[in-house]
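# Overview (structure and organization)
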Amino acid sequence: MFDKMMLCDEGFENVVENGETTGFSLLARLPYYRGLGLSMIEDITIAIDGEQVKREDVRFSVRGRSWTLDEIETVYDDRWNFGEKAKVTVVRAGGLAQGGHQVEIAVRMRVSYLPFVPTTKTGRELQLAA
């Protein structure tokens, strides 16, 4: 339902820390019609140009706080709100080259009243500026 709104056009950039490019980040919205506690986000998968990113290289951030995907499994005091843009960062030495990249994202979430665990995914080309 909200898959087309998951990836944001803005915010796709390399991450530079202490003068060194350590990865890249993108902005994403929760593909659900209401917010969820972070412990209910079971997985976020990212693929860049057809290459799957390892789970341990993905970081999730909202409102200035960041977690690994393993850490958010036990975050009971924070949530990803409807419409909120979260920063998803991938640790990757050197980041990405400027220009277009095919980005795919999938979010698997646990919803208490559903008898299954939905995974919503989408993808499209995003432009990485210099």
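Before reading on, note that the structure itself is shown above.
So, a few notes on the structure that sits alongside this text. Source: prediction; values computed, not measured.

Overall, antiparallel pairing links the five strands, which are arranged β1-β2-β9-β6-β7 in an open sheet. Two strands in the sheet have a free side with no partner beyond their single neighbour: β1 (13–17) and β7 (65–68). Looking at each pair of strands side by side, their axes are set apart by 30° on average, direction ignored.

The next point concerns the side chain of Thr-89. Looking at the element boundaries, Thr-89 is found in strand β9 (residues 85–91). Look past the residues within four positions of Thr-89 in its chain and what remains in contact with it is Val-15, Phe-24, Ser-25, Asp-57, Val-58 and Arg-59.

Take the pattern of salt bridges next. Tallied over the entire structure, the rule returns eleven salt bridges. Put simply, Asp-43 and Arg-55 hold a salt bridge, and the shortest N to O gap is 2.6 Å. Linking Asp-43 in strand β4 (residues 41–48) with Arg-55 in the loop between β5 (51–52) and β6 (58–62), this pair joins segments that are twelve residues apart in sequence. A relative accessible area of 12% places Asp-43 in the buried class. As a salt-bridge pair, Asp-78 and Arg-65 come within 3.3 Å of each other at their nearest N and O atoms. With Asp-78 in the loop between α1 (69–72) and β8 (79–80) and Arg-65 in strand β7, the pair connects residues that are 13 residues apart, well separated along the chain. Taking the relative accessible area as the measure of exposure, Asp-78 reaches 12% and is therefore buried. Connected through salt bridges with shared partners, the residues Asp-43, Arg-55, Asp-70 and Glu-73 form a single ionic network.

What counts, and at which threshold
- Residues numbered from 1 in each chain as written.
- Predicted model: local features only at pLDDT ≥ 70, side-chain atom pairs only at ≥ 80, totals over all residues.
- Heavy atoms only, no water.
- Pairing = 2+ DSSP bridges.
- Helix = DSSP H or I, 4+ residues; strand = E, 2+ residues; numbered from the N terminus.
- Axes fitted to C-alpha atoms, helices over the stretch in contact; angles between N-to-C directions.
- Contact = heavy atoms within 4.5 Å.
- Salt bridge = Lys/Arg side-chain N within 4 Å of Asp/Glu carboxyl O.
- Buried < 20%, exposed > 50% of the residue type's maximum accessible area, 1.4 Å probe, protein only.

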